[in-house]
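Analysis of the macromolecular model
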Amino acid sequence: MTDPVLAEQLDYYEQRAAEYDDWWLRRGRYDAGPSENARWAAELGEVTAALDAMDVRGDVLELAPGTGQWSRRLLPGCASLTLVDGSPAMLARNPAASDARARTVRADLFEWTTDDRFDVVAFGFWLSHVPAERLAAFLSRVAGWLRPGGRVFYVDSRREAAKASPALVSTDGDLHTRRLADGREFTIVKVCRTREELQEAFEAAGLAAEIRETPTLFQYAAG
Ligand code: SAM
């Protein structure tokens, strides 16, 4: 990987793997108290309900699956699940990876491609790590990996939610510096697009999914 920020971003996740699910499960420094945790659960519930309503079937490609918070929901109905992530430590924590239908690929998503085609392409909390100048190319590759009639599942943070992270040290435009529990700091890309901006980018790439938002925290598309 030649871009030093993208290399640092991948290293950040490799080093963060052991504590990554604390964010998901609102543990330790991510425990924001009962009312904020309840808001997180309620808004996440809207997204998981939309994913469940998709009734995912067939061959599924999940990009940047990490520890598998979405993989485990994609797995039950699928025929195959291809998991592509650059971090061995994240993939090692993904329970779906050990399922007989799963195939894991350790690769840089800015370079990886495949001739395979899929019924569903899913990516959670990944798109905000794709720099602005790479968004159009990335979404067209997603469109190219879909079979005719194929569907997309996307979810990410809304802008204000990304800025509220207790791991955030500072921001410089689309670059965020974050601190791990042990104090090490990493600079990564974090671009939170408006619903309208992302809808336009999806449409330009030929992706028909409607971008939706929960009241405060998440942006998503399911179908
Ligand atoms: N999808 C999971 C979720 O929603 O919890 C994990 C999202 S996590 C915010 C970002 C993921 O992107 C990590 O698993 C990380 O290893 C992966 N990643 C970062 N840079 C990458 C790259 N260049 N190529 C492949 N994966 C990368």
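Rules and cut-offs
- Residues numbered from 1 in each chain as written.
- Predicted model: local features only at pLDDT ≥ 70, side-chain atom pairs only at ≥ 80, totals over all residues.
- Heavy atoms only, no water.
- Helix = DSSP H or I, 4+ residues; strand = E, 2+ residues; numbered from the N terminus.
- Rg over C-alpha atoms; globule rule 2.2 N^0.38 Å.
- Buried < 20%, exposed > 50% of the residue type's maximum accessible area, 1.4 Å probe, protein only.
- Contact = heavy atoms within 4.5 Å.
- Lys, Arg positive; Asp, Glu negative; His and termini not counted.
- Charge placed at Lys NZ, Arg CZ, Asp CG, Glu CD.
- Phe/Tyr/Trp six-rings, centres within 6.5 Å; stacked < 30°, edge-to-face > 60°.
- Pairing = 2+ DSSP bridges.
- Core = buried A, V, L, I, M, F, W, Y, C linked by side-chain atoms within 4.5 Å.
- UniProt positions renumbered as here; feature names shortened; annotations may be inferred.
- Polar contact = N/O pair within 3.5 Å; in protein donor to acceptor, adjacent residues only side chain to side chain.
- Near = heavy atom within 4 Å.
- Areas by Shrake-Rupley, 256 points an atom, 1.4 Å probe, with all protein chains shown as cover.
- Nonpolar A, V, L, I, M, F, W, Y, C, P; charged D, E, K, R; others polar.
- Salt bridge = Lys/Arg side-chain N within 4 Å of Asp/Glu carboxyl O.

**Notes on the overall build of the protein**
- Looking only at helices and strands, one finds 7 helices and 10 strands in the protein.
- Against the 2.2 N^0.38 benchmark of 17 Å for 223 residues, the protein shows a C-alpha radius of gyration of 16 Å, consistent with a compact globule.
- Among the 223 residues that make up the protein, the fraction classed as buried is 50%.
- Considering only intrachain contacts with a sequence separation of at least 6, the fraction spanning at least 24 residues in the protein is 60%.
- A gap of 3 Å separates the mean positions of the 27 positive and 35 negative side-chain charges of the protein.

**Examining the packing of aromatic side chains**
- Counted under the stated rule, the structure contains 19 aromatic pairs.
- On the basis of an interplanar angle of 70 degrees and a centroid distance of 4.9 Å, the ring pair of tyrosine 12 and tyrosine 13 is categorised as edge-to-face.
- Measuring from centroid to centroid gives 5.4 Å for phenylalanine 110 and tryptophan 126, while their planes differ by 45 degrees, and the two rings are tilted. Note that phenylalanine 110 is positioned in the loop between strand 3 (102–106) and strand 4 (118–124) and tryptophan 126 in the loop between strand 4 and helix 5 (135–145), a separation of 16 residues in sequence.

**Brief notes about the pairing of strand 2 (residues 78–85)**
- Strand 2 sits mainly inside the fold: 6 of its 8 residues count as buried.
- Examined bridge by bridge, strand 1 (residues 58–63) and strand 2 share 6 bridges and lie parallel to one another. Paired with valine 60 across the two strands is leucine 81, which belongs to strand 2.
- Judged from the 5 bridges that link them, strand 2 and strand 3 form a sheet pairing that is parallel. Residue pairing in the sheet places threonine 82 in a bridge with arginine 103 of strand 3.

**Remarks on the nonpolar core**
- Ranked by internal contacts, the top residues of the largest apolar core, which has 39 residues, are Trp24, Trp70, Leu81, Phe153, Val155 and Phe218.
- Membership of the second largest hydrophobic core comes to 34 residues, among which are Trp112, Trp145, Leu198 and Ala221.

**Notes on the UniProt feature "domain: Methyltransferase" (unreviewed entry) in the protein**
- Summarizing the sequence annotation, UniProt attributes the feature "domain: Methyltransferase" (unreviewed entry) to residues 60–150 in the numbering used throughout.
- Helix and strand shares over residues 60–150 are 22% and 32% respectively, and the end C-alpha atoms of the span are 10 Å apart.

**With respect to the side chain of threonine 48**
- By the secondary structure assignment, threonine 48 is in helix 2 (residues 34–54).
- The buried category is assigned to threonine 48, whose relative accessible area is 12%.
- Polar side-chain contacts of threonine 48 include one of 3.1 Å to the backbone oxygen of glycine 45.
- The contact partners of threonine 48, leaving out residues within four places of it in the chain, are Trp70 and Arg73.

**What about the pairing of strand 6 (residues 168–172)?**
- Of the strand pairs in this sheet, strand 6 and strand 7 (residues 175–179) are connected by 4 bridges, and their pairing is antiparallel. Bridge pairing in strand 7 places threonine 171 opposite histidine 176.
- Taken together, strand 6 and the strand that follows it, strand 7, pair antiparallel across an intervening segment of 2 residues, in which glycine 173 is found at a positive phi of about 65 degrees.

**A look at the site of the ligand**
- Neighbouring the ligand are 21 residues, the closest being Tyr20, Ala64, Asp85, Leu109 and Gly124.
- Out of a free accessible area of 590 Å², the ligand has 99% covered by protein chains.
- The biggest single contributor to the shell around the ligand is helix 1 (residues 4–24), with 4 residues.
- Across the shell around the ligand, the residue classes tally to 14 nonpolar, 5 polar and 2 charged.

**A few points about the environment of glycine 150**
- Summarising the element assignment, glycine 150 is placed in strand 5 (residues 146–157).
- Taking the relative accessible area as the measure of exposure, glycine 150 reaches 25% and is therefore partly exposed.
- Sequence spacing of glycine 150 and alanine 208 is 58 residues, and the spatial spacing of their C-alpha atoms is 9.9 Å.
- Leaving out residues up to four positions away in the same chain, glycine 150 has contacts with Phe118 and Asp119.

**Comments concerning the pattern of salt bridges**
- One pass over the structure, following the stated rule, counts 14 salt bridges.
- Between aspartate 119 and arginine 147 there is a salt bridge, and its shortest N-O distance comes to 2.9 Å. Placement of aspartate 119 in strand 4 and of arginine 147 in strand 5 is noted, with a sequence separation of 28 residues between them.
- You can call arginine 147 partly exposed: its relative accessible area is 32%.

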